[in-house]
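Structure at a glance
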Amino acid sequence: MLDTNAASEAIKGNSLFDARLQALTQGQWCISAVTCSELKFGIARRPEAARLHRIVQEFLRIAPILPWDAHAALRHGELRAHLKAVGTPIGDFDEMIAAHALAVDAVVVTDNTKHFARVPGLVLDNWLRAPAGH
């Protein structure tokens, strides 16, 4: 499951990131509906950026988008309470993406390991900082 900053790398055309994504087959990667929302918000704030709008729309057309469901919502409530109780919240959207990944047993691909590493049981992969095949 690509988080929003990882999806942004794909949208920007980062060659290292693209190579990792291209190596996967259909069904081996996805984004959360939360990431879809964040991407749509980003382009809505830049109505003048026609090229960016086209690229994001094309990415969203090909990206498998997992719906936010009751299981994800239940995991989110538990995760949010835990992170708040231990004093390490990571922000609403990152918490929602992390909970969604936990709910579907997905690895989160992110460059934001500082935040996501605070989530117990979440498996992370950083395609920008780690060597391929790690």
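See the structure above.
Now for a description of the structure that goes with this document. Because the structure is a prediction, the values reported are computed rather than measured. (Residues numbered from 1 in each chain as written. Predicted model: local features only at pLDDT ≥ 70, side-chain atom pairs only at ≥ 80, totals over all residues. Heavy atoms only, no water.)

Considering the packing of helix α1 (residues 4–12) against helix α4 (residues 50–62)
Selection criterion: Axis geometry follows a simple rule: fit a line to the C-alpha atoms, using only the stretch in contact for helices, then measure angles between N-to-C directions, giving values from 0 to 180 degrees. Put simply, DSSP H or I for four residues or longer makes a helix, DSSP E for two residues or longer makes a strand, and each gets a number counted from the N terminus. Here a crossing is called left-handed whenever its near helix is offset anticlockwise from the far helix by less than a right angle, and right-handed whenever the offset is clockwise. Contacts are assigned to residue pairs that have any heavy atoms within 4.5 Å of one another. Note on residue categories: nonpolar means Ala, Val, Leu, Ile, Met, Phe, Trp, Tyr, Cys or Pro, charged means Asp, Glu, Lys or Arg, and polar means any other residue, Gly included.
Running from N to C, α1 and α4 point in directions that differ by 115 degrees, and their axes come no closer than 10 Å. For the pair α1 and α4, the sense of crossing is right-handed. Touching Ala7, Ala10 and Ile11 of α1 are Leu52, Ile55, Val56 and Phe59, all from α4. When grouped by side-chain class, the residues that make up the contact of α1 with α4 number seven nonpolar, no polar and no charged.

Looking at the environment of Val107
Take Val107: it is sitting in the loop between α6 (92–104) and β3 (108–109). With residues up to four places along the chain from it excluded, the contact list for Val107 reads Met1, Val123, Leu124 and Asp125.

Here's the deal with the layout of surface pockets
Any empty space left between the atoms is revealed when a probe the size of a water molecule rolls over them. Defined as follows: Cavity: a set of points on a 1 Å grid over the protein atoms alone where a 1.4 Å probe fits but cannot get out. Pocket: an open set with protein on both sides within 12 Å along at least five of seven lines, its lining residues, like those of a cavity, having an atom within 4 Å of a point. Grid points are joined across faces, edges and corners, and a volume is the space filled by probe spheres set on the points.
Space inside the largest pocket adds up to approximately 260 Å³. Lining the largest pocket are 13 residues, with Leu21, Gln22, Trp29, Phe59 and Ile62 positioned closest to its centre. Elements with a contribution of two residues or more to the lining of the largest pocket: α1, α2 (15–22) and α4. It is α4 that provides the largest number of residues to the lining of the largest pocket, a total of four residues. Looking at the lining of the largest pocket residue by residue, the classes come out as eight nonpolar, three polar and two charged. Of the voids in this model, the second largest pocket is the one considered here, and its volume is about 220 Å³. For the second largest pocket, the lining is made up of 15 residues, of which Met1, Gln28, Trp29, Ala106 and Val107 are closest to its centre. Class assignment of the residues belonging to the lining of the second largest pocket gives a composition of 11 nonpolar, two polar and two charged.

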